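Structural overview for review
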Amino acid sequence: MKIAKVEAYWLSCPIPPAKQHRSDYGLLTDFDMTLVVVTLEDGRQGFGEGKAAVGSSGACSSIVTCVEKELAPTLIGMDARNINEIWERLYNGTRDHYALKRGRVFPILGNRGIHIAAMSGVDMALWDLLGKDLNVPIVQLLGGAMRPKMEAYASGGWQDAEGIGEQLRSYTDKGFKAVKMRVGVMDDTVANSVARVKAARFALGPDIKIMADAHGTFSVPEAKQFCRGVEDSNLYWFEEPISPDNKQGTAEVRKSTCTPIAAGESEFTRFNIRELIDHRAVDVIQPDCAIIGGITEAMRVAGLAAAYQLELAPHCWGSAFSFMAGVAVAFASPSAAIIEFSSGGNPMMYDLVNEKITAEEGMMVAPTRPGLGVTPDWDFVKEYRQ
Ligand SMILES: [Mg+2]
């Protein structure tokens, strides 16, 4: 399974006006993603995604360059099945032989950021290839699914206090029993965020799980005020209360409340996640397979979650490729209980691939198709390639 070619495409697709939403990232009119394609000498292809942004849109030219100009030269000629070795070689650069001989890392300067996101896309594509070669889904390669089905939560919720109930009910009407809404600076005041959560709880009743995501935008005092304000609303978790650059602050917020704190989607590698854990900052860890370092690194994070008895909830807001990678990791991990299901306008989840992704009655079934189980619609790729 010799690697012959490694390519990356920046795709940008407009979101229909009726499905657009406004958050702290502004009005999102386009959805961007980077599709990584690893081609073997015999022509077989594996697909992955590397992320340049956690929101729906963002410029992806640097990640494309990183994949094609920096990673590809190392990858060409390597056996695509040697996923662990490839990870170490890309992470350690010219000192890779020290890393492999001495059993510790000698990282390049790009040990965080775009380089790791680009590696994530490659890693995902290698797992996809291996699964297809052996004709099994990736979850089988990871040791098999822990459970036949998993609860999915509908991720959305941008409306104001007046409209949030109706918006979230549009998700529960589809069978979801768990929903996530956005809060934080987009509401202008903490009081508005609290009022929106209370309106959501009032509209949904006591039995629906509600999560709130501040996208890291509150200050520490604001996050504490928010937690106090929503104490009676029984949030399943409060996500990224404050900036990922302030892990001590996140720990301070966690200490002030009994609402579980979630974070991790903006973190690169297990080393960043270890810092979150060291600070006792989180109850729920949310690695994104297209950011953290691929499926390989997400499984190492899953190991940390299991060791520290924290919940693992892979961040799955992105294209169908990173979604299916997150689904594989979640199904394979004993620490995962719920899966994020993108409920905004997301052409990369529903139009980019030939296969249909569904949650029946709010449940995801364990993947059965070989590899990631999704393949690009090349007409879509051609149309929206930048
Ligand atoms: Mg989030």
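Since we're looking at a predicted model, the values are computed, not measured.

Rules of the game
Residue positions are counted from 1 within each chain, in the order its sequence is given. Where local features are concerned, this predicted model is filtered to residues with pLDDT of at least 70; where side-chain atom pairs are given and counted, the filter is 80 or more; whole-chain, interface and lining totals use all residues. As a convention, hydrogens and water are excluded, and side-chain values are obtained from all of the structure's heavy atoms. Metal donors: N, O and S atoms at distances within 2.8 Å, or within 3.2 Å for Na, K and Ca, with water omitted from the atom set so that some sites may seem incomplete. Numbering of helices and strands runs from the N terminus, with a helix taken as a DSSP run of H or I at least four residues long and a strand as a DSSP run of E at least two residues long. Burial classes follow relative accessibility: with a 1.4 Å probe on protein chains only, a residue under 20% of its type's maximum area counts as buried, one over 50% as exposed, and anything between as partly exposed. Domain ranges listed in this record stem from an automatic or a database domain assignment. Note on contacts: a residue pair is in contact if any heavy atoms of the two residues lie within 4.5 Å. Buried area is a sum: the accessible area each of two parts loses on coming together, probed at 1.4 Å, counted once for each and added. For salt bridges, the criterion is a side-chain nitrogen of Lys or Arg within 4 Å of an Asp or Glu carboxyl oxygen. Contacts described as polar in this section are N or O atom pairs within 3.5 Å, which, within protein, must combine one atom able to donate a hydrogen with one able to accept it, while residues neighboring in sequence count only if both atoms come from side chains. Each residue is assigned to one of three groups, with Ala, Val, Leu, Ile, Met, Phe, Trp, Tyr, Cys and Pro labelled nonpolar, Asp, Glu, Lys and Arg labelled charged, and all others, Gly among them, labelled polar.

Looking at the coordination of the magnesium ion
- At the metal site, the magnesium ion is ligated by Asp213 (OD), Glu239 (OE) and Glu265 (OE), and these contacts range over 2.0 to 2.1 Å.
- We note that the donor set of the magnesium ion lies within a single chain, spaced as D-x25-E-x25-E. Of this pair, Asp213 sits in strand β8 (residues 209-213) while Glu265 sits in the loop between β10 (261-263) and α10 (269-278); the two residues are 52 residues apart in sequence, bridging distant segments of the chain.
- On the basis of relative accessibility, which here comes to 1%, the residue Asp213 falls in the buried class.

Brief notes about the domain arrangement of the protein chain
- Here the protein chain is described as being made up of domain 1 (3-135 + 379-384) and domain 2 (141-373).
- Between the C-alpha centres of domain 1 and domain 2 the distance comes to 22 Å.
- In this complex, domain 1 contributes 46 residues to the contact, which on the side of domain 2 involves 42 residues.
- Between domain 1 and domain 2 the total buried area reaches about 3,500 Å² when both faces are included, carbon and sulfur atoms providing 69% of it.
- Counting across the domain 1 and domain 2 interface gives 2 salt bridges.
- Counting across the interface, domain 1 meets domain 2 through 16 residue pairs in polar contact (both at pLDDT 80 or more).
- Among the elements of the structure, β1 (3-14), β2 (21-23), β4 (30-40), β5 (45-50), α2 (83-92), α4 (114-134) and α14 (378-384) are those that each provide at least two residues to the side of domain 1 that touches domain 2.
- Take the side of domain 1 that touches domain 2: its biggest share by element is 11 residues, from α4.
- Considered class by class, the residues forming the side of domain 1 that touches domain 2 number 22 nonpolar, 13 polar and 11 charged.

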